[in-house]
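Reading the structure
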Amino acid sequence: MTFHATCIATLLVLSQICLAADEKPATDKPADYSIGTMNVQTLPAMTYFYSAEETNFADILKTIDKFIPPLIKAIDDGKVI
């Protein structure tokens with residue numbers, strides 16, 4: 001009985017190896033992305049330009065138009081780098 005169980009287990013393992021050998025190898029196509037080394041940058045303490053507004057995709061242009069002029073003014077005044 002043990003001999004039969006060993007034979008069945010061996011056949012199952014060999015069949016899995018054969019099935020895995022039929023799989024197509026990975027292509028040599030280059031990836032659409034690249035992962036580089038991580039860079040850590042410590043920024044000086046300062047107030048950054050920020051604003052909060054609830055919007056949706058239909059009205060997002062109105063929101064952008066509302067906040068871009070103050071941002072441009074802050075850049076012109078040297079308050080935003």
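Here, the structure is the one placed above.
Residues numbered from 1 in each chain as written. Predicted model: local features only at pLDDT ≥ 70, side-chain atom pairs only at ≥ 80, totals over all residues. Heavy atoms only, no water.

1. Some thoughts on the overall build of the protein chain
Along its length, the protein chain carries two helices and zero strands. For the protein chain, with 81 residues in total, the buried portion stands at 4%. Carbon and sulfur atoms form 65% of the exposed surface of the protein chain, whose accessible area is close to 8200 Å². (Helix = DSSP H or I, 4+ residues; strand = E, 2+ residues; numbered from the N terminus. Buried < 20%, exposed > 50% of the residue type's maximum accessible area, 1.4 Å probe, protein only. Areas by Shrake-Rupley, 256 points an atom, 1.4 Å probe, with all protein chains shown as cover.)

2. A closer look at the pattern of salt bridges
Enumeration according to the criterion identifies three salt bridges in this entry. A salt bridge links Lys66 to Glu53; the nearest nitrogen and oxygen atoms lie 3.3 Å apart. With Lys66 in helix α2 (residues 60-76) and Glu53 in the loop between α1 (2-21) and α2, the pair connects residues that are 13 residues apart, well separated along the chain. The partner of Lys62 in a salt bridge is Asp59, and the shortest N-O contact between them spans 3.7 Å. For Lys62, a relative accessible area of 59% gives the class exposed. (Salt bridge = Lys/Arg side-chain N within 4 Å of Asp/Glu carboxyl O.)

3. Examining α2
Taking 1.5 Å per residue as the helical rise, α2 with its 17 residues ought to reach 24 Å, and the 24 Å between its terminal C-alpha atoms agrees with that figure. One or two positions beyond α2, positive phi appears at Gly78, with a value near 75 degrees. (Expected span 1.5 Å × (residues − 1).)

4. Quick notes on a nonpolar patch on the surface
A contiguous nonpolar surface patch, about 610 Å² in accessible area, is contributed by Phe57, Ile60, Leu61, Ile64, Ile68 and Ile72. The topology assignment puts Phe57 in the loop between α1 and α2. By relative accessible area, Phe57 is classed as exposed at 78%. (Patch = residues over 30% accessible without salt bridge, like charges linked within 9 Å, V, L, I, M, F, W, Y side chains within 5 Å.)

5. Details of the side chain of Thr63
For Thr63, the position within the fold is in helix α2. Owing to a relative accessible area of 15%, Thr63 belongs among the buried residues under this scheme. Only 3.1 Å separates the side chain of Thr63 from the side chain of Thr55, close enough to count as a polar contact. When neighbours within four sequence positions are excluded, Thr63 is seen to be in contact with Glu53 and Thr55. (Polar contact = N/O pair within 3.5 Å; in protein donor to acceptor, adjacent residues only side chain to side chain. Contact = heavy atoms within 4.5 Å.)

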